[in-house]
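# Observations on chain architecture
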Amino acid sequence: MRSLTLTPRTTPEIPVDFRAPPPSPVASGRRSTSITNNEFLTEFLETSLRVPDLVLPNKIFPRQSHHETPPKVDFVSLCFHEDEDLINIVSDSIASFGCFQLINHGISPRIMAAAVEAARGVFLVPPGKREVVSRSPEKLWGFEVYHEGEDEGSELNEEFIWCKDDELKLKLEGIWPIGYPNFSKTMETLGSRVEKVVEKLFPIILKNVSKKLASDGDIIGQGHEVGPLCCIYKHRRDVNRNDQWVDSLKYDVIRMLIRGTDYSHSLCLHMCDGSSEFHVYSKKSWLSFCPEQGALIITAGDQLQILSGGHYKDVIGKAIFKREREDNISMAFLYSTQNSKKKIQTSRERTISISQQAIFVVILTLMYHVLVFVLRYF
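Bear in mind the structure is a predicted one, so any value in this text is a computation, not a measurement.

A word on the overall build of the protein chain. Looking only at helices and strands, one finds 12 helices and 14 strands in the protein chain. Within the protein chain, the fraction of its 378 residues that count as buried is 39%. Of the contacts formed within the protein chain by residues at least 6 apart in sequence, a portion of 82% connects residues at least 24 apart. A total accessible area of about 24,500 Å² is found for the protein chain, and carbon and sulfur atoms account for 55% of it.

On to the packing of aromatic side chains. Using the criterion set out here, one finds 8 aromatic pairs in the structure. When the ring of F160 is compared with that of F183, the centres are 6.3 Å apart and the planes differ by 70°; the resulting orientation is edge-to-face. Of this pair, F160 sits in strand β5 (residues 157-163) while F183 sits in helix α7 (residues 180-205), placing them 23 residues apart in sequence. Relative accessible area serves as the criterion here: at 0%, F160 is assigned to the buried category. Residue class for F183 comes out buried when judged on its relative accessible area of 0%. Relative to F289, the ring of F278 has its centre 5.8 Å away and its plane inclined at 50°; by these criteria the two rings are tilted. On the criterion of sequence distance, the pair formed by F278 in strand β10 (residues 277-281) and F289 in strand β11 (residues 285-289) is long-range, its members being 11 residues apart.

Our focus in this paragraph is the sheet that holds β5. Sheets are built from strands that pair by backbone hydrogen bonding, the pairs being arranged parallel or antiparallel. Read from one edge of the open sheet, 8 strands run β2-β3-β12-β9-β14-β7-β5-β4, paired in mixed fashion. Where the open sheet ends on each side, the last strands, each with one partner, are β2 (72-74) and β4 (142-143). The pairing of β4 with β5 spans 2 bridges and is antiparallel. Of the residues in β5, the one forming a bridge with F143 is F160. Sheet strands in contact with helix α4 (residues 109-122) are β4, β5, β7 (229-235), β9 (267-271), β12 (296-300) and β14 (328-335), and its direction is about 105° off that of β14.

The next thing to look at is the packing of α4 against α7. Where α4 contacts α7, the two axes come as close as 9 Å, and the packing angle between them is 140°. Of the possible angle classes, the one that applies to α4 and α7 is oblique. Here the hand of the crossing between α4 and α7 comes out left-handed. Contacts between α4 and α7 involve I111, M112, A114, A115, A118 and A119 from the first element and N182, F183, T186, M187, T189, L190 and R193 from the second.

Bringing helix α6 (residues 166-175) into the picture now. Within the sequence span of α6, burial applies to L168, L172 and I175. Taken down its axis, α6 places every buried residue within 70° of arc, on the same side. Relative to its buried face, α6 has exposed residues pointing more than 90 degrees away, namely D166, L170 and G174. At its buried positions, α6 is contacted by α5 (127-130), β5 and α7.

Next up on the list: the environment of E195. If you trace the backbone, E195 turns up in helix α7. Other than its neighbours up to four places away in sequence, E195 contacts K164, P228 and Y335.

Moving on: the environment of N208. Structurally, N208 is set in the loop between α7 and α8 (216-219). You can call N208 partly exposed: its relative accessible area is 36%. For the pair N208 and S91, spaced 117 residues apart in the sequence, the C-alpha separation amounts to 7.0 Å. With near-sequence residues (within four places) excluded, N208 lies in contact with I87, N88 and S91. At 3.0 Å, the side chain of N208 forms a polar contact with the side chain of N88.

A few words on the pairing of β12. As a general feature of sheets, a regular strand has side chains that alternate between the two faces. Across the 5 residues that make up β12, a large majority, 5, are buried. Here strand β3 (residues 99-103) runs beside β12; their pairing, made up of 4 bridges, is antiparallel. Looking at β12, one finds that C99 is bridged to T299.

A separate point is the pairing of β3. Of all 5 residues in β3, 4 are buried, a share of seventy percent or more. Bridging between β2 and β3 involves 3 bridges; their strand directions are parallel. Following the sheet pairing, K72 is matched in β3 by Q101.

One finds F160, F183, L190, I232 and M331 to be the most contacted residues of the largest nonpolar core, which totals 65 residues. It is α7 that provides the largest number of residues to this core, a total of 11 residues. In this structure, F160 is in contact with V122, F123, G142, F143, L168, L172, F183, C230, C231 and I232, ignoring residues within four places of it in sequence. Ranked by size, the runner-up nonpolar core spans 11 residues in total, among them F97, V280, F289 and V315.

So, on to α4. Side chains three or four residues apart in an α-helix point the same way, a direct result of the helix having 3.6 residues per turn. End to end, α4 covers 21 Å across 14 residues, agreeing with the expected 20 Å (1.5 Å per residue, within 8%). Buried within α4 are the following residues: I111, M112, A115, A118, A119, G121 and V122. Looking down the long axis of α4, one finds its buried residues gathered within 170° of arc, a one-sided arrangement. Structural note: α4 exposes P109, R110 and E117 on the side pointing more than 90 degrees away from its buried face. A side-chain oxygen of the first residue of α4 lies 3.1 Å from the backbone nitrogen of R110; this N-cap is S108.

Quick notes on the rules
- Within each chain, residues carry numbers counting from 1 in the order of the written sequence.
- Where totals are concerned, whole chains, interfaces and linings use all residues; where local detail is concerned, this predicted model gives features only for residues with pLDDT of at least 70, and gives and counts side-chain atom pairs only at 80 or more.
- Heavy atoms from the whole structure form the basis of all side-chain values; hydrogens and water molecules are not counted.
- A helix here means a DSSP run of H or I that spans at least four residues, while a strand means a run of E at least two residues long, and both kinds are numbered starting from the N terminus.
- When accessible area is computed with a 1.4 Å probe and restricted to protein chains, residues below 20% of their type maximum are described as buried, those above 50% as exposed, and intermediate ones as partly exposed.
- Contacts are residue-level and defined by heavy atoms, with any inter-residue pair within 4.5 Å sufficient.
- The Shrake-Rupley method, run with a 1.4 Å probe sphere, supplies the accessible areas, and residue values consider only the shown protein chains as cover.
- Each Phe, Tyr or Trp ring (for Trp, its six-membered ring) is paired with any other whose centre lies within 6.5 Å, and the angle between the two planes then decides the class: stacked below 30 degrees, edge-to-face above 60, tilted in between.
- The criterion for strand pairing is that DSSP finds at least two bridges linking the strands in question.
- To get an axis, a line is fitted to the C-alpha atoms, and for a helix only the part in contact is used. The angle between two axes follows their N-to-C directions and goes from 0 to 180 degrees.
- Each angle gets one of four labels, with under 35 degrees taken as roughly parallel, over 145 as roughly antiparallel, 65 to 115 as roughly perpendicular, and the rest as oblique.
- What makes a crossing left-handed is the near helix being turned counterclockwise from the far one by less than a right angle; a clockwise turn instead makes it right-handed.
- The arc under discussion is defined with respect to the helix axis, by the directions toward the C-beta atoms.
- Here a polar contact means two N or O atoms within 3.5 Å. Within protein one must be a hydrogen donor candidate and the other an acceptor candidate, and residues neighboring in sequence count only if both atoms are side-chain atoms.
- As used here, the term nonpolar core means buried Ala, Val, Leu, Ile, Met, Phe, Trp, Tyr and Cys residues forming a set that is joined through side-chain atoms within 4.5 Å.
- A helix's residues, less one, multiplied by 1.5 Å, set its expected span.

Encoded structure:
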């Protein structure tokens, strides 16, 4: 019997076409939507992120007040005779200009000249040694150090801040052993005279404003409270180029305006004999005048403005020396309200509040009962 072998049939393979579909036709006159959106986005970003063209003013200073000179006030008539007319003149001058000139103040010209001469010596300290007593945010005293690359005007003036500080004393004795004793003695002598003037002057200035002083928290400005403290400035001689002098003035004023709150104070007493001009700067205007020889220029500080409720104007003063044949020294003594409040309180009538009176009555009552108990049983 023949065996049958079955073999499977092979079916022919059908090829599968995996070709992608053809792209959709695009009209030759129209662009794709994605390209159009990208252009709109680019245009929007260019419009939104465009930096505006800023036009800065040519003048950075406020307008100048012309043909006005602060009054010259006699210290004896003002503080000892308490002339009402003079008091009103001083009040009006501080409210209008932020300053006035004080003559016949009692500080000897000999003492002032000796302090100026001694102050010249502090600027003879070599620059390499000044870093030890350079000013910093933590230390208000010392040399104002100018670094390379700053405005060229900084080369014209130098500055040193002096105060009664033990650390400053030790460091100056170390770097300036020969000249420091005389410098310290003359500065302390002059400083004590200035304090006596302020002690008499400050209550008179506050006489036309509210008699109630602000609290300690209200009178302290944004900067550090100081006093007495003296800023000593050295003005370089022979600045012949007018543009160089203007650059120096702009640099100093901008620096003073920025640092104005570093030294919170009530009054500043300027000594600037021999100066060509004296400039007073405020936020709205600035004043230029020729100071009286031997006079103290009194300018108001931030604390006085607060104490007066904004009646008095807070200003910054600066002595100007033009085309001089030698270096000149000017000084500015800053006096703080915190130091003057104790003096003012002694001259004002002291009052006892109702709460203090109630406590006093309770104490007296308790003492009375204790005394009666002791006398009855003992």
